[in-house]
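What the coordinates show
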Amino acid sequence: MEPFTTHTGIGVPMRRSNVDTDQIIPAHWLKRVSRTGFEEGLFSRWREDPGFVLNTEPYARGSVLVAGPDFGTGSSREHAVWALQQFGFRAVLSSKFADIFRGNSGKQGLLTAELDQGDIELIWKQLEAEPGTEVTVDLPARSVVCGDVTAGFRVDDYVAWRLENGLDDISLTLQHDEDIAGYEQQRPGWKPTVTAAVD
Amino acid sequence: MSDTSGMTLAEKLWAQHVVRSVDGEPDLLYIDLHLVHEVTSPQAFDGLREKGRPVRRPDLTLATEDHNVPTTLGPVTDLTSRTQLEALKANCDEFGIVHHERGHRGQGIVHVIGPELGLTQPGMTIVCGDSHTSTHGAFGALAFGIGTSEVEHVLATQTLPLRPFRTMAITVEGTLPDGVGAKDIILAVINRIGTGGGQGYVLEYRGPAIEALSMEGRMTICNMSIEAGARAGMVAPDETTFAYLRGRPHAPTGADWDAAVDAWRQLRTDDDAVFDAEIVIDGEELSPYVTWGTNPAQSVQLGQSVPDPQTAGDDDAQDAARRALTYMGLEAGTPMREIGVDAVFLGSCTNGRIEDLRLAADILRGRTIAPGVRMLVVPGSHAVRQQAETEGLDQVFLDAGAEWRLAGCSMCLGMNPDQLSPEERCASTSNRNFEGRQGARGRTHLVSPAVAAATAVRGTLSSPVDLTPTDAPQGALV
């Protein structure tokens, strides 16, 4: 995973609440078996509208998405994170993220920064008044700067540490192999296994 | 675990599965069962191969084909779907995982087959790369959806690093009126707390109306916990749970059964436990719920009308409501019962179990569906399909004019050929009414199986009380 410390890029205002993962990447894109090529599917139904924000310059070159509350609800598809990243996004700002989406983002190095809704509104106004305004997201400082607006954000400290260091979760867990084996020793014998029953 | 007084059910399960707990880090939680399907797994298996990692516990891992499979006989003609199904089979063969492919009697929607095979048991941690994994919480399991990175993590380590959830009690008091069921309870809950109301929580459903539900009903409720933003929903196991499990292929037997039931009986929220949040719903006041908008919280009771966006709350909520009405092609003030549909979908991990099919068949028996309406009946699993055929339900559906299909996720998410056309309107027993969910520009109204069946007969959103015993096919009451 590529480490994330600070990032500066064009902010994209998305004044919508409840942007679910079916909108971020519709289901038919999920038939792919690779991890790449999802950028075309990003918001593909909304992008059929020429006026959609990502179809207009300078937002088409944006890398910081500033979204309404409850971003990433619905399906667990990590393809939503891949699509955002492959389109060029490095961070999403919102006042509220769906749990699974936030978890998936943290695994992949897409920063989900949780701001107060009042700060989101100020950033939207700034971005709409001066399209193309760059947003700087500083993870160690937990701060966002956009024009005259400076705001703090919240992110899980452990996730932030992993992002800043670009650490792979599985390698970290495998260091605790003995703990896992120890736990397995004391699991009750009646717990089911998939292979035990007559199939 | 030595002293569990004052703990909620979710906290007990968490404590029983902690492998490692260190200040400042997430807890490492052991996973008892990992369910795998074709859509969210191929990239995870690729990750294992790249790093040369094996699957730690193939014996705690089960794969099935569900999201992509056609529900008609014959080969998989969609090339990308076929590639994905073949990838799952190849991955399972390579890593030694049991795999239920099309035609296998254990094939079906992942959340239907787990319980049906007796693999889903109280007190377990269960994960799957699918948000509706919350379904399994109906057995008093801690079950939640994960992303593909986490799928890889569980395959490699049989654990997940997680922060503890907060707990919310949802108590449903009283007795449900006739014609009101589990789907109406959960739609009412989501309406009440919103699509984000459950974020960060495990929901525990309790109270007399929940205890009176069958396992199928409890699964319907836990299934849609994610639509309220909660990763998991649970119901404490009881005699209903034990009776459902006894004798199933993977359920314990003999002395193991007794030991298991003894352990399962401890899985209750202590009387002195404190939830982080609590809500109470009066079951007596419920009536059938239907959605009018494009998220599952945008619902009203069937007897009401499409709401005016101006009553939707703050500016953003009003804006969202207006956008939803435009998408749905609806006008505020229209009585819900006057909304005509083009299609009815009965199925999915929410309502594709045998009890759902029986309920709908009872309503459709001797009736025919309205002209111009197509109805798809898609059993949740191969076993559900066989059971329904044994009971003659397939003939009831066919006689009524519905299509009787093979098991799969089907029109719930439209990854296979079962999709709505643009602007086609559907009464659906599934779980999401998102834009385009059932097909590009398709319009979804989430309903219960009873409402789905009555709607199919009348052609407009209806409940069984709208039908008379001699109701004509065209729907004489319209």
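Owing to the predicted nature of the structure, the values given are computational and were not obtained by experimental measurement.

Next up on the list: the domain arrangement of chain B. All names here are of chain B. For chain B, the assigned domains read domain 1 (9-279) and domain 2 (308-466). Taking only C-alpha atoms into account, the centre of domain 1 sits 24 Å from that of domain 2. For domain 1, the biggest contributors to the area lost against domain 2 are T71, I109 and K183; these three give 25% of the whole. The tally of links between domain 1 and domain 2 comes to one salt bridge.

Taken as a whole and assessed by the stated rule, the structure comprises 18 aromatic pairs over all chains. An aromatic cluster is present here, built from W190(A), F242(B), W257(B) and W264(B) joined pairwise through their rings. Above the plane of the ring of F38(A) lies R32(A), whose end atom (NZ or CZ) is 5.5 Å from the centre.

Working definition: the strands of a sheet are paired by backbone hydrogen bonds and lie parallel or antiparallel to each other. Residue and element names in this part refer to chain A. The seven strands lie next to each other as β4-β3-β2-β1-β5-β6-β7, forming an open sheet whose pairing is mixed. Edge positions in the open sheet fall to β4 (111-114) and β7 (149-152), since each of these has one partner strand only. Taking each pair of neighbouring strands and ignoring which way they run, the sheet shows an average axis angle of 25°. Inspection of the sheet shows strand β1 (residues 6-14) paired to strand β5 (residues 134-138) by five bridges, in the antiparallel sense. Its bridge partner being in β5, I10 is matched across the sheet by E134.

Before going further, it helps to examine the interface of chain B and chain A. In this complex, chain B contributes 87 residues to the contact, which on the side of chain A involves 60 residues. Together chain B and chain A conceal approximately 5,900 Å² of surface at their shared face, both sides included; 53% is due to carbon and sulfur atoms. Interface area lost by chain B to chain A is led by Q43(B), R56(B) and Q199(B), which between them contribute 10%. Put simply, chain B and chain A have twelve salt bridges between them. Between R56(B) and D177(A) there is a salt bridge whose closest N-O contact spans 2.7 Å.

The rules we used
- Residues numbered from 1 in each chain as written.
- Chains lettered and ligands numbered in written order.
- Predicted model: local features only at pLDDT ≥ 70, side-chain atom pairs only at ≥ 80, totals over all residues.
- Heavy atoms only, no water.
- Domains from an automatic or database assignment.
- Buried area = accessible area lost by both parts, 1.4 Å probe.
- Salt bridge = Lys/Arg side-chain N within 4 Å of Asp/Glu carboxyl O.
- Phe/Tyr/Trp six-rings, centres within 6.5 Å; stacked < 30°, edge-to-face > 60°.
- Lys NZ or Arg CZ within 6 Å of the ring centre and 35° of its normal.
- Pairing = 2+ DSSP bridges.
- Helix = DSSP H or I, 4+ residues; strand = E, 2+ residues; numbered from the N terminus.
- Axes fitted to C-alpha atoms, helices over the stretch in contact; angles between N-to-C directions.
- Contact = heavy atoms within 4.5 Å.

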